Amino acid sequence: MSLAPSAHAASANTVCRFTDKRFTEISGLATSIRHPGVLYLHNDSGDGPYVYAVDSSTCATVATLTIRGVDPRDAEAIATGRDEQGRAVIWFADIGDNLDSWPFVRVYEIREPKRLASNTVDAREYRFTYGDRPHNAEALLANPAKPQLWIVTKQLAHGSLYRLPVPLRVGAVNTARKIRQESGLVTDGSVSPDGLRYALRDYDEVEIYAGLPPGRKTATIPLPFQLQGEAMTWAADGRSLLIASERDKRLLRVTLPLSALAVR
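Residues numbered from 1 in each chain as written. Predicted model: local features only at pLDDT ≥ 70, side-chain atom pairs only at ≥ 80, totals over all residues. Heavy atoms only, no water.

**Quick look at the pairing of strand S10 (residues 124-130)**
Line of reasoning, step 1. As paired strands, strand S8 (residues 105-111) and S10 are joined by 5 bridges and run antiparallel to one another. Within S10, the residue paired with Val107 across the bridge is Tyr126.
Line of reasoning, step 2. Pairing geometry for S10 and strand S14 (residues 173-183), over 4 bridges, is parallel. The residue bridging Tyr130 from the neighbouring strand is Ala176, located in S14. (Pairing = 2+ DSSP bridges. Helix = DSSP H or I, 4+ residues; strand = E, 2+ residues; numbered from the N terminus.)

**A word on the packing of aromatic side chains**
Line of reasoning, step 1. Applying the stated criterion to the full structure yields 8 aromatic pairs.
Line of reasoning, step 2. The interplanar angle of 40 degrees and the centroid separation of 6.4 Å between the aromatic rings of Tyr50 and Tyr52 together place this pair among those described as tilted.
Line of reasoning, step 3. Looking at Tyr50, the relative accessible area reads 28%, which means it is partly exposed.
Line of reasoning, step 4. Ring centres 4.8 Å apart and planes at 70 degrees place the aromatic pair Tyr130 and Tyr162 in the edge-to-face group. With a gap of 32 residues between them, Tyr130 in strand S10 and Tyr162 in strand S13 (residues 158-163) connect regions that are remote in the sequence.
Line of reasoning, step 5. One aromatic cluster in this structure is built from Phe18, Phe23, Tyr50 and Tyr52. (Phe/Tyr/Trp six-rings, centres within 6.5 Å; stacked < 30°, edge-to-face > 60°. Buried < 20%, exposed > 50% of the residue type's maximum accessible area, 1.4 Å probe, protein only.)

**Looking at the state of the cysteines**
Line of reasoning, step 1. For the structure shown, the criterion picks out 1 disulfide.
Line of reasoning, step 2. A sulfur-sulfur distance of 2.0 Å marks the disulfide that ties Cys16 to Cys59. Disulfide Cys16-Cys59: torsion about the S-S bond near 75 degrees, hence right-handed. Of this pair, Cys16 sits in strand S1 (residues 11-17) while Cys59 sits in the loop between strand S4 (50-55) and strand S5 (61-67), and the two are 43 residues apart along the sequence.
Line of reasoning, step 3. Of the residues examined, Cys16 reaches a relative accessible area of 9% and is grouped as buried.
Line of reasoning, step 4. Cys59 sits in the buried class, given a relative accessible area of 1%. (Disulfide = S-S within 2.5 Å.)

**Some thoughts on the environment of Gly159**
Line of reasoning, step 1. With respect to the secondary-structure elements, Gly159 resides in strand S13.
Line of reasoning, step 2. Looking at Gly159, the relative accessible area reads 1%, which means it is buried.
Line of reasoning, step 3. Sequence-wise, Gly159 and Gly184 are 25 residues apart; in three dimensions their C-alpha atoms are separated by 5.0 Å.

Put into structure tokens, the structure is as follows:
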């Protein structure tokens with residue numbers, strides 16, 4: 001994302017620091033729907049089928065969810081939303097493809113547990129590919145009100161926004177359809193809890209959009225320096241973003257200016 005001259009200012013502060021030694025390559029963050037004050041996070045490839053629930057104010061680990069029967073190749077994103085029955089779910093995206101070569105990638109639907117405790121959980125697997133060719137991706141966007149997903153691919157010059165079909169089919173390879181071109185090196189994306197806006201980040205800045213994808217851009221905001229910033233979610237207040245990075249123990253809150261929160 002190129003920094004526009006009219007970029008908006010934002011303030012950032014450290015919320016807390018992660019102390020769990022397992023958090024070596026934080027790659028995705030998502031705000032829980034069922035459990036106030038809880039975030040879900042996961043590591044990059046090589047960590048295994050684990051989703052960690054953490055306290056959003058202290059960074060303490062609350063629970064470890066082990067996804068039964070899943071061996072992720074390159075997990076890159078996580079989001080929360082709803083299934084067809086309106087139940088809160090976690091979307092775990094195994095969508096990394098550094099060589100742009102996999103015949104399909106996968107997203108897993110996990111029911112948010114009623115009680116948070118370390119446990120093995122079941123997941124429904126959905127396979128998909130893209131309408132043109134395989135792509136690497138690190139950003140998953142989920143409608144907080146219903147089972148609707150978008151992917152933003154990660155390329156050097158530019159990526160693209162893709163819409164996944166509704167409903168997704170189990171046991172088949174679904175096809176994601178391209179909506180439009182996006183900036184390059186997008187490392188994460190998130191829809192606000194009220195569904196009124198969404199954000200796409202790269203290593204240096206974040207773009208805010210009004211509405212659900214494809215939306216309308218309202219602001220480009222510089223992010224605080226991180227060694228490899230790849231994780232972002234909206235805070236529960238819908239007015240700020242929480243961001244994390246590989247090789248950085250800080251959970252940072254980026255408070256957005258009112259001008260960035262326009263919905264019209």
